[in-house]
Amino acid sequence: MSHHFAGAGDVAGVPLKSTVGVGIPVSAEDIILQTFDNDDRKLQVCGSMRPIITELDNNKKGSIRTDVADLVMVKYKCSSNGVPITQTNGSTLPLVPGSSKDAEFGGYNPFDHRTVQYPTTDMETFIHLLKGSLGSGILAMPLAFMNAGLVFGLVATAVIGFVCTYCVHILVRSSHKLCRRMQVPALGFADVAEVAFLAGPPAFHKFSGLFRGLVNTFLTIDLLGCCCVYIVFVAKNIKQVMDEYVLEINVRWYMLMMLPLVIAMNLIRNLKYLAPFSMIANFLVGICMTITFWYVFQDVPSTKSVPYITDWHKWPLFFGTAIFALEGIGVVMPLENNMKTPQHFIGCPSVLNIGMTIVVVLYSTVGLFGFLKYGDDTEGSITLNLPRDQLLAQSVKVMIAVAIFLTYSLQFYVPFEIIWKGSKHRFTSHPVLFEYLLRVFLVVCTVMVAIACPNLGPVISLVGALCLSFLGLILPSCIDLVTCWEEPGLGRGYWRLWKNMVIIMFGILGLVTGVYSSILDIIKEFNQ
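The structure displayed is predicted, hence computed values, not measured ones.

Engineer: Could you give an account of the packing of aromatic side chains, naming the residues involved and the relevant values?
Structural biologist: Per the counting criterion, the structure on display carries 15 aromatic pairs. Their ring planes at 65° and their centres at 4.9 Å tell us that Phe297 and Phe369 sit as a pair that is edge-to-face. Here the residue Phe297 occupies a position in the loop between α10 (275-296) and α11 (315-326), and Phe369 occupies one in helix α13 (residues 351-374), the gap between them amounting to 72 residues. Look at Phe297 and you get partly exposed, because its relative accessible area is 43%.

Next up, the structure:
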């Protein structure tokens, strides 16, 4: 969404309906009083929120200076509260109906104005949070511990889990503050990033569109990167089974053979028809994880058989893998926005705290015992370490490969929607045809990337370090800083500034070192 000043004839994408005085365009939304002062050549428009000041710049003919943070309120208040923008033109009615609870709380309460058709309970949200966080990354946690060491891996996983959970807290809390300021019931992830900069100090307004674009870009890269990981994951598991019972061929051939099937799966446009595949995948993953744990917990070696801490140059790979596994920032705002009692999502105790505690404990347990069991021979997925001469272990590899293959379409759905939403206006002649062509093109790209980098470890670390360091650590801290810059302020001794700067620097350090180490490993693998 682009934002521009009002000289072009519209405000925040809303056509202007009236002009006053010497041809100055004026927004008709939410207007109560208009006054015009010929001496000062100033037009003041007072709305129900706070005054919008639109004034001529005497140095530039026809130039108008406008408070962008106020102008964007029209768009968000209308769209978020189900009020057609055309209905508000020239109307003096409030965009949001009031309630007795608003007066009770002394202001706008966004939770009272949310209209969710099928709101989720705390328990349902808790289950969705676990499902969104417990993905294929848990199978890579033993590899993360191999790059960190037994003791350091435990401590670092707990620290990363705590920091990630805290960043989710400040993101959701900032969303609640912005909803009250803008008087909208809910905001998505990209909306929070954009509105935070628009509602913040004037110096930050120009960065609003940039940060919205960054959120969508990194989400797209992250999810398409996960699709690449899925292709490698499926091919490697199938290869181990085929090598044992049929013949040995290069893993890249399996990726090419998968391509027609993956294309066919992703030509399904309706998310409803993908739901049965998700149910089958969840069932298979549950069986596979149970059997895998049974193998892992048999004859666990002594803790003295593995290093407690590794060389520091391996830590960036641990960071990228761990944050890839732990970070579920993309599912947070949709879950919170659809809750029946969104106040229970954050706090102490809360749905988020309990859910993330369980996630960190499970990931730490799998990483600890998986690394203890297989040591320096740990593979990118723990299923690849299961015995090759036992039918039960081989069946796990087939089932997990089928489950991840069926999950690919769901993982692909969100990034495709982001890309298609931003590009479909260019293909108005045959939109359905171009949509199918774009689907095929993106699927082929993910398979080609997987063929170029057929090693799970560096690819997982690269995706985690590049995308999730920004989305899960850097961005929430920036949003919290901008949201609180003026109200309630930076705190005594600027503690809020220093706290967020520490998290941002931690995220940048992890991003740079993780990406650098992952790329070096990918180059080494590619040369081999």
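The discussion continues.
Engineer: Report on the environment of Ser302, specifying residues and quantitative values.
Structural biologist: If you trace the backbone, Ser302 turns up in the loop between α10 and α11. The spacing of Ser302 and Lys373 is 71 residues in sequence and 9.0 Å in space, taken between C-alpha atoms.

Engineer: Go over the pattern of salt bridges with me, naming the residues and quoting the values.
Structural biologist: One pass over the structure, following the stated rule, counts seven salt bridges. Put simply, Glu336 and Arg114 hold a salt bridge, and the shortest N to O gap is 3.3 Å. Of the two residues, Glu336 sits in helix α12 (residues 332-337) while Arg114 sits in the loop between α3 (100-105) and α4 (122-133), which places them 222 residues apart along the sequence. Just as Glu336 is buried, Arg114 falls in that class too. Here Asp480 and Lys499 are joined by a salt bridge, their closest N and O atoms 3.1 Å apart. Of the two residues, Asp480 sits in helix α16 (residues 456-483) while Lys499 sits in helix α17 (residues 495-527), which places them 19 residues apart along the sequence. Among the charged side chains, a salt-bridge network with shared partners connects Asp191, Glu194 and Arg212.

Engineer: Run through the nonpolar core, naming residues and quoting values.
Structural biologist: Side chains of a nonpolar character, in soluble globular proteins, are inclined to be buried together. If you look at the biggest cluster of nonpolar residues, it comprises 132 residues, and the most contacted ones within it are Phe189 and Phe345. For this core, the element with the most residues is α16, which contributes 15 residues. When neighbours within four sequence positions are excluded, Phe345 is seen to be in contact with Thr125, Val168, Val172, Val332, Leu335, Glu336, Met339, Ser350, Val351 and Leu352.

Engineer: Lay out the environment of Pro488 in plain terms, naming residues and giving numbers.
Structural biologist: Here Pro488 shows up in the loop between α16 and α17. Given the relative accessible area of 49%, Pro488 is considered partly exposed. Setting aside residues up to four positions removed in sequence, Pro488 forms contacts with Lys177 and Arg496.

Engineer: Account for the packing of α4 against α13, with residues named and values stated.
Structural biologist: Two numbers describe a pair of packed helices, the interaxial angle and the distance between the axes. Closest axis-to-axis distance for the α4/α13 pair is 10 Å, and the angle between their directions is 35°. In the packing of α4 onto α13, the handedness of the crossing is right-handed. Each of Asp122, Thr125, Phe126, Leu129, Leu130 and Ser133 in α4 lies in contact with α13, whose residues at this interface are Val351, Leu352, Ile354, Gly355, Met356, Ile358, Val359 and Tyr363. Here the contact of α4 with α13 is composed, by residue class, of 10 nonpolar, three polar and one charged.

Engineer: Which residues make up the side chain of Thr220, and what values go with them?
Structural biologist: Inspection of the secondary structure puts Thr220 in helix α8 (residues 208-245). When its relative accessible area of 10% is taken as the criterion, Thr220 is described as buried. Not counting residues up to four positions away in its chain, the partners in contact with Thr220 are Pro415, Ile418 and Ile419.

Engineer: Any chance you could break down unusual backbone geometry for me, citing the residues and the numbers?
Structural biologist: Along the chain, Glu487 connects to Pro488 via a cis peptide bond; the corresponding omega equals 10°. Backbone geometry at Gln183 places phi at a positive 55°, although glycine is not the residue there. Here Gln183 shows up in the loop between α6 (150-182) and α7 (189-198). What makes Gln183 partly exposed here is its relative accessible area of 23%. For Tyr494, which is not a glycine, the phi torsion comes out positive at approximately 55°.

Engineer: Run through α16, naming residues and quoting values.
Structural biologist: Taking 1.5 Å of rise per residue, the 28 residues of α16 would be expected to cover 40 Å, and the 38 Å separating its terminal C-alpha atoms lies within 8% of that figure. Within α16, the axis deviates most sharply at Leu468, by approximately 45°. In terms of residue burial, α16 counts as a mostly covered element, since 26 of its 28 residues are buried.

Engineer: If you had to explain a nonpolar patch on the surface to someone new, which residues and values would you point to?
Structural biologist: On the surface, Val151, Leu154, Val155, Val159, Tyr308 and Ile309 cluster together into a nonpolar patch covering about 500 Å² of accessible area. In this fold, Val159 is placed in helix α6. Take Val159: its relative accessible area is 43%, and that puts it in the partly exposed class.

Engineer: How would you explain the packing of α16 against α17 if you had to name every residue and give the values?
Structural biologist: Two elements in contact, α16 and α17, have axes whose closest approach is 8 Å; the angle formed by their N-to-C orientations is 165°. Classified by the angle their axes make, α16 and α17 are roughly antiparallel. The element α16 and its partner α17 pack so that their crossing is left-handed. The residue makeup of the contact of α16 with α17, split by class, is 18 nonpolar, eight polar and four charged.

Engineer: Residues and numbers for α7, please.
Structural biologist: Most of α7 sits inside the fold, with 10 of its 10 residues counted as buried. Where α7 is concerned, the buried positions are Phe189, Ala190, Asp191, Val192, Ala193, Glu194, Val195, Ala196, Phe197 and Leu198.

Engineer: Lay out the side chain of Ser477 with the relevant residues and their values.
Structural biologist: Structurally, Ser477 can be placed in helix α16. A distance of 3.0 Å separates the side chain of Ser477 from the backbone oxygen of Leu473, its partner in a polar contact. Ignoring anything within four residues of it in the chain, the contact list for Ser477 reads Cys167, Ile170, Asn500, Ile503 and Ile504.

Engineer: Mind laying out the environment of Tyr166, listing which residues take part and the relevant values?
Structural biologist: On the secondary structure map, Tyr166 appears in helix α6. Since its relative accessible area comes to 25%, Tyr166 is described here as partly exposed. Spatially, the C-alpha atoms of Tyr166 and Leu352 are 9.8 Å apart, while their sequence positions differ by 186 residues. Aside from chain neighbours lying at most four places away, what touches Tyr166 is Arg173, Lys499 and Ile503. Polar contacts involving the side chain of Tyr166 include one to the side chain of Lys499, which spans 2.9 Å.

Thresholds applied
Residues numbered from 1 in each chain as written. Predicted model: local features only at pLDDT ≥ 70, side-chain atom pairs only at ≥ 80, totals over all residues. Heavy atoms only, no water. Phe/Tyr/Trp six-rings, centres within 6.5 Å; stacked < 30°, edge-to-face > 60°. Helix = DSSP H or I, 4+ residues; strand = E, 2+ residues; numbered from the N terminus. Buried < 20%, exposed > 50% of the residue type's maximum accessible area, 1.4 Å probe, protein only. Salt bridge = Lys/Arg side-chain N within 4 Å of Asp/Glu carboxyl O. Core = buried A, V, L, I, M, F, W, Y, C linked by side-chain atoms within 4.5 Å. Contact = heavy atoms within 4.5 Å. Axes fitted to C-alpha atoms, helices over the stretch in contact; angles between N-to-C directions. Left-handed = near helix turned anticlockwise from the far one by under 90°. Nonpolar A, V, L, I, M, F, W, Y, C, P; charged D, E, K, R; others polar. Expected span 1.5 Å × (residues − 1). Bend = angle between axes of the 7 residues up to and from the residue. Patch = residues over 30% accessible without salt bridge, like charges linked within 9 Å, V, L, I, M, F, W, Y side chains within 5 Å. Areas by Shrake-Rupley, 256 points an atom, 1.4 Å probe, with all protein chains shown as cover. Parallel < 35°, antiparallel > 145°, perpendicular 65-115°, else oblique. Polar contact = N/O pair within 3.5 Å; in protein donor to acceptor, adjacent residues only side chain to side chain.

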